[in-house]
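Coordinate inspection notes
Here are the chains, one letter per residue:
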Amino acid sequence: MDEELYQAFITESEESITQLNNSLLSLESNPDDTEAIDDIFRQAHTLKGNFGAMGFDNAATVAHAVEDLLDEIRHERLDVTAERMDLVFDGMDLIVEILHDIEENGESTIDPNDTVEEIRAAVEDGGDAGNSNPAAPDEADRESVDLDSLAADCVDTDALDATTLTHAHVELDAGQMKGVDAGIFLSSIPEELDVVGANPNRDAIEDGEYGDGFDLFVAERDAAVVESELDGLWKVSTVETTDVSDALAGGDEAADAGDEPAAESEVDAEVDAPASDGSDQSVDADGAVDSDSDAASDDAPSVDDGSEGDAGEAESTESDEEPESGNEKKKEARSISAVKSVRVDVDQLDELHELVEQLVTSRIKLRNAIDVGQTTALDTLDELDKISSNLQNTVMDMRLIPLKKVFDKFPRLVRDLAREQDKRVSFKVEGADIELDRTILDEISDPLMHVLRNAVDHGIEDPDVREANGKSRTGTIRLSARRQHDTVIVTVEDDGGGINADAVRDKAVDKGVATREEVNQMPDSEVYDYIFHPGFSTNDEITDVSGRGVGMDVVKTTVESLDGSVSVESEPGEGSTFNIRLPVSVAIIKVLFVQVEDREFGVPIKYIDEISRRDRVQTVSGAEVIVHEETIFPLIRLREALEIDSPEPDTGMVVRIRPDDRQVALHCDGVTKQEEVVVTPLQGPLSGVGGLSGTAVIGDGNVIPILDISTLELPADGEQAMREFDPSQLPDTAEEAAD
């Protein structure tokens with residue numbers, strides 16, 4: 001099998017499964033959501049066709065059984081229930097298992113029969129839905145349809161210059177790949193047949209979204225000619241034609257007369273409506289997703305739904321020239337959209353990124369090597385600077401991927417956890433279009449999964465408990481992301497019972513993490529950080545979800561390894577909020593060089609809020625601090641924190657850190673310059689060294705340590721001052737502060 005084709009199949013199948021899961025959640029929440037239904041059948045047909053074409057019949061069989069069950073729901077012969085949706089999700093899980101088996105072994109030997117039989121049984125137990133082939137009901141519905149009204153709905157009769165209109169109901173002897181068979185049939189229709197309308201529309205037919213047959217409307221050909229031309233084409237089993245020329249004369253009256261439910265359900269379906277992209281969803285405990293997003297999916301198709309057929313497309317050109325045929329215009333439109341993006345192998349992208357890093361380093365070395373007086377060389381260097389900067393920005397943008405790729409996995413996770421624990425949870429997602437570097441996105445999935453599992457298990461209370469506390473029986477978990485400067489803040493917020501600070505204190509003492517005296521002196525905001533300690537859990541009962549004390553420590557370790565930070569806020573009885581702060585990109589960052597004695601260190605610019613002279617340092621509660629807007633920032637003297645044994649000079653500079661990152665200020669001997677550098681994380685025995693996150697090679701060949709703001713040690717008196725701080729303690733004047 002061609003390796004490129006094989007990998008494309010795996011990737012596209014994973015994307016289809018994720019999208020299908022989220023659309024199923026939307027359907028479970030709102031059974032009348034026609035957009036979800038349309039998207040479900042698009043994705044299901046794609047999955048079934050792809051697996052069938054690749055020869056993986058076990059997955060295709062599961063997809064076909066799921067499709068039959070959903071078809072009964074679509075035609076309102078079965079209701080949407082949590083139990084039936086559980087069966088559907090079981091089928092999807094089996095398809096995922098088969099896909100992973102294929103990815104690992106190149107084939108799959110998993111037997112799907114048990115799951116398929118359960119799904120088929122659900123179809124057969126539905127009474128009228130006992131036959132998975134809905135031909136008979138469809139035929140009865142079709143006989144009750146007013147064809148003139150259907151023609152008026154499907155054909156733009158006002159724009160059509162024709163005296164004859166023929167309706168043709170075509171049934172195909174299609175196999176498992178209905179969309180492929182239908183596409184071949186449509187492409188084989190003779191050019192002299194002017195197809196001006198279809199029900200469902202052409203795109204839906206090509207996607208396989210039809211029962212046993214579909215309707216076509218042909219202009220300026222009588223019924224006998226149309227039947228003769230269509231009969232015998234690819235996979236055609238029957239053709240029934242009817243003259244509906246009266247619809248041309250009736251115009252709007254015919255359209256108003258058409259009020260049959262069967263026609264409405266087929267004609268009004270928005271096949272090209274954008275599928276829910278997970279950017280703002282809400283999921284009930286039964287698996288429901290309420291979509292209230294303001295943002296449309298980036299890859300939602302923007303072409304017309306095709307309901308007006310080729311004539312409508314020709315009319316839209318608004319040109320006096322001879323219009324192109326509809327098929328030619330559609331091919332042109334598809335070719336234009338097809339080149340807007342390409343797939344790039346991640347290994348090639350990583351190699352390109354490494355080359356850019358080398359180019360940036362060489363650029364810095366070259367600038368340092370050139371004498372200031374060499375004007376021509378400097379001009380050339382400025383040009384190189386501009387080119388390499390543009391290349392660097394382009395490569396960095398290429399590596400950015402929307403959080404949607406990760407967020408889309410979580411609605412199903414929350415739904416299943418809530419169902420297991422008999423809880424009702426509304427899950428909302430916001431900011432899924434925010435972008436992060438690919439390497440960060442790969443690593444952040446597991447930490448977010450742990451936080452969400454924690455929110456469902458620890459955060460949201462049982463429905464009866466919530467009701468007794470005056471809350472809605474349905475809890476809410478909100479996953480959101482927002483961009484702030486060069487960082488992205490991902491927040492997981494729940495309206496559950498909050499964190500019991502006293503229980504955390506007790507557990508910390510029991511595990512020997514801290515003494516009773518220490519935890520009693522700590523404010524709740526600091527006590528909450530103990531939940532990230534390895535092996536720490538306040539849940540006495542071990543379950544499949546929690547209780548072993550693993551998970552939250554993974555969150556902190558992983559996030560900090562990405563040069564990020566995590567914090568937690570909680571209000572007893574009101575809920576908890578986890579904030580995960582991450583850099584947008586890695587490797588190449590802008591740093592401020594600070595000097596301590598004769599050594600230089602780098603501080604990432606993204607963390608810095610202000611640079612000032614040493615004379616702003618004040619003493620509050622016995623600790624050295626910087627005061628800004630009635631907030632104190634305890635001072636960390638880098639000479640002491642980095643254990644540099646040399647006398648403290650009388651002068652110096654203070655670098656105040658953004659309070660969102662850490663409420664501290666750094667004291668150094670001086671600041672020298674700002675520069676972009678390529679950061680190499682510390683590895684081996686050096687990994688985890690407090691106060692350092694990595695190193696960078698600068699233009700003169702020297703290696704500069706990069707400071708880790710989150711792990712620099714804060715003096716004990718500084719911590720104490722923050723706990724006891726009262727704004728009334730601040731000196732009224734600068735002279736008083738100096739005294």
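Use the structure listed above.
Now for a quick tour of the structure. (Residues numbered from 1 in each chain as written. Predicted model: local features only at pLDDT ≥ 70, side-chain atom pairs only at ≥ 80, totals over all residues. Heavy atoms only, no water.)

1. Section: the packing of aromatic side chains
To describe a pair of aromatic rings, you give the distance between the ring centres and the angle between the ring planes. One pass over the full model with this rule turns up 3 aromatic pairs. A ring pair is formed by phenylalanine 532 and phenylalanine 578, whose centres lie 6.3 Å apart and whose planes are at 90 degrees; its orientation type is edge-to-face. Here phenylalanine 578 lies in strand 13 (residues 575-583) and phenylalanine 532 lies in the loop between helix 24 (524-527) and helix 25 (552-561), a separation of 46 residues in the sequence. Overall, phenylalanine 532 belongs to the buried group, its relative accessible area being 4%. Following the ring pairs from residue to residue traces out a cluster consisting of Phe185, Tyr210 and Phe214. It is lysine 178 that lies over the ring of tyrosine 210; its NZ or CZ is 4.6 Å from the centre. (Phe/Tyr/Trp six-rings, centres within 6.5 Å; stacked < 30°, edge-to-face > 60°. Helix = DSSP H or I, 4+ residues; strand = E, 2+ residues; numbered from the N terminus. Buried < 20%, exposed > 50% of the residue type's maximum accessible area, 1.4 Å probe, protein only. Lys NZ or Arg CZ within 6 Å of the ring centre and 35° of its normal.)

2. Brief notes about the sheet that holds strand 18 (residues 623-628)
The strands that make up a sheet pair up through hydrogen bonds in the backbone, lying either parallel or antiparallel. Ordered in space as 16-20-21-19-18-17, the 6 strands form an open sheet in which the pairing is mixed. Every interior strand has two partners, whereas the edge strands, strand 16 (608-613) and strand 17 (618-620), have only one. Averaged over neighbouring strand pairs, the angle between their axes works out to 40 degrees when direction is ignored. Note that strand 18 and strand 19 (residues 631-637) share 4 bridges and pair antiparallel. Bridge pairing links isoleucine 626 to phenylalanine 633 in strand 19. Strand contacts of helix 27 (residues 716-724): strand 17, strand 18 and strand 19, with the helix running at about 175 degrees to strand 19, the strand carrying the most contacts. (Pairing = 2+ DSSP bridges. Axes fitted to C-alpha atoms, helices over the stretch in contact; angles between N-to-C directions. Contact = heavy atoms within 4.5 Å.)

3. With respect to the packing of helix 4 (residues 82-105) against helix 19 (residues 410-420)
Two quantities define a packed helix pair, namely the angle between the axes and the distance from one axis to the other. For the pair helix 4 and helix 19, interaxial distance at closest approach is 13 Å and the crossing angle is 130 degrees. On the basis of the axis angle, helix 4 is oblique to helix 19. Crossing of helix 4 over helix 19 shows left-handed handedness. On the side of helix 4, the interface is formed by Ala82, Met85, Asp86, Phe89, Met92 and Asp93, while helix 19 contributes Arg412, Arg415 and Arg419. (Parallel < 35°, antiparallel > 145°, perpendicular 65-115°, else oblique. Left-handed = near helix turned anticlockwise from the far one by under 90°.)

4. Details of the side chain of serine 646
By secondary structure assignment, the location of serine 646 is in the loop between helix 26 (638-641) and strand 20 (653-657). In terms of polar contacts, serine 646 uses its side chain to reach the side chain of glutamate 597, at 3.1 Å. Beyond its immediate sequence surroundings of up to four residues, serine 646 is in contact with Glu597 and Arg639. (Polar contact = N/O pair within 3.5 Å; in protein donor to acceptor, adjacent residues only side chain to side chain.)

5. Re the pairing of strand 12 (residues 565-571)
The two faces of a sheet get side chains in turn, since along a regular strand they alternate between them. Both strand 12 and strand 13 contribute to a ladder of 7 bridges, which runs antiparallel. Directly across from serine 567, in strand 13, lies its bridge partner asparagine 579. The hairpin formed by strand 12 and strand 13 contains 3 residues between the paired strands, and glycine 573 there has a positive phi angle of roughly 85 degrees.

6. Topic: the sheet that holds strand 3 (residues 213-219)
Spatially, 4 strands are ordered 2-3-1-4 in an open sheet, and the strand pairing comes out antiparallel. Only two strands of the sheet have a single partner each, and these edge strands are strand 2 (194-199) and strand 4 (236-243). Across the sheet, the mean angle separating the axes of adjacent strands is 25 degrees when strand polarity is ignored. Pairing of strand 1 (residues 165-172) with strand 4, which is carried by 7 bridges, proceeds in the antiparallel orientation. Within strand 4, the position partnered with histidine 167 by the bridge is threonine 242. Relative to the sheet, helix 8 (residues 178-187) contacts strand 1, strand 3 and strand 4, its axis offset from that of strand 1 by approximately 145 degrees.

7. Re a nonpolar patch on the surface
There is a patch of nonpolar side chains on the surface, built from Val180, Ile184 and Trp234 and spanning about 250 Å² of accessible area. Mapped onto the elements, tryptophan 234 comes out in the loop between helix 10 (223-230) and strand 4. Judged by relative accessible area, tryptophan 234 falls into the partly exposed class, the value being 41%. (Patch = residues over 30% accessible without salt bridge, like charges linked within 9 Å, V, L, I, M, F, W, Y side chains within 5 Å. Areas by Shrake-Rupley, 256 points an atom, 1.4 Å probe, with all protein chains shown as cover. Salt bridge = Lys/Arg side-chain N within 4 Å of Asp/Glu carboxyl O.)

8. With respect to the nonpolar core
Counting 53 residues, the largest nonpolar core has Phe407, Leu448, Val490 and Ile580 as its most contacted members. When residues in this core are grouped by element, the largest group, 8 residues, is from helix 20 (residues 438-459). With sequence-adjacent residues up to four places away left out, valine 490 is seen in contact with Leu403, Phe407, Leu448, Leu479, Ser480, Ala481, Phe578, Asn579, Ile580 and Leu582. (Core = buried A, V, L, I, M, F, W, Y, C linked by side-chain atoms within 4.5 Å.)

9. Observations concerning the side chain of serine 16
With respect to the helices, strands and loops of the structure, serine 16 is situated in helix 1 (residues 3-29). Filtering out sequence-adjacent residues up to four positions away, serine 16 remains in contact with Gln43, Thr46 and Leu47.

10. Some thoughts on a negative patch on the surface
A grouping of Asp90, Asp111, Asp114, Glu117 and Glu118 is seen on the molecular surface, where their side chains present a negatively charged patch. The greatest single-element share of the negative patch, amounting to 3 residues, is contributed by helix 5 (residues 113-124). Tracing the backbone shows aspartate 90 in helix 4. With a relative accessible area of 39%, aspartate 90 lands in the partly exposed category. (Lys, Arg positive; Asp, Glu negative; His and termini not counted. Charge placed at Lys NZ, Arg CZ, Asp CG, Glu CD.)

11. Here we look at the pairing of strand 20
The buried count for strand 20 comes to 5 of 5 residues, which makes it a mostly enclosed element. Of the two faces of strand 20, both are covered, the one formed by Met653, Val655 and Ile657 as well as the one formed by Val654 and Arg656. Bridge analysis of strand 16 against strand 20 gives 5 bridges, and the strand direction is antiparallel. Bridge assignment links isoleucine 608 to a residue of strand 20, and that residue is isoleucine 657. Here strand 20 runs beside strand 21 (residues 665-668); their pairing, made up of 4 bridges, is antiparallel. Residue pairing for strand 21: methionine 653 is matched across the bridge by cysteine 668.

12. Here's the deal with the pattern of salt bridges
Tallied over the entire structure, the rule returns 32 salt bridges. Salt-bridge contacts for arginine 723 lead to glutamate 526; the nearest nitrogen and oxygen are separated by 3.3 Å. Placement of the pair is arginine 723 in helix 27 and glutamate 526 in helix 24, with a sequence separation of 197 residues. A relative accessible area of 27% means that glutamate 526 is categorised as partly exposed. In this structure, the salt-bridge partner of arginine 723 is glutamate 719, at a minimum N-O distance of 3.8 Å. In this pair, arginine 723 and glutamate 719 both sit in helix 27, 4 residues apart, roughly one turn of the helix. What makes arginine 723 partly exposed here is its relative accessible area of 27%.

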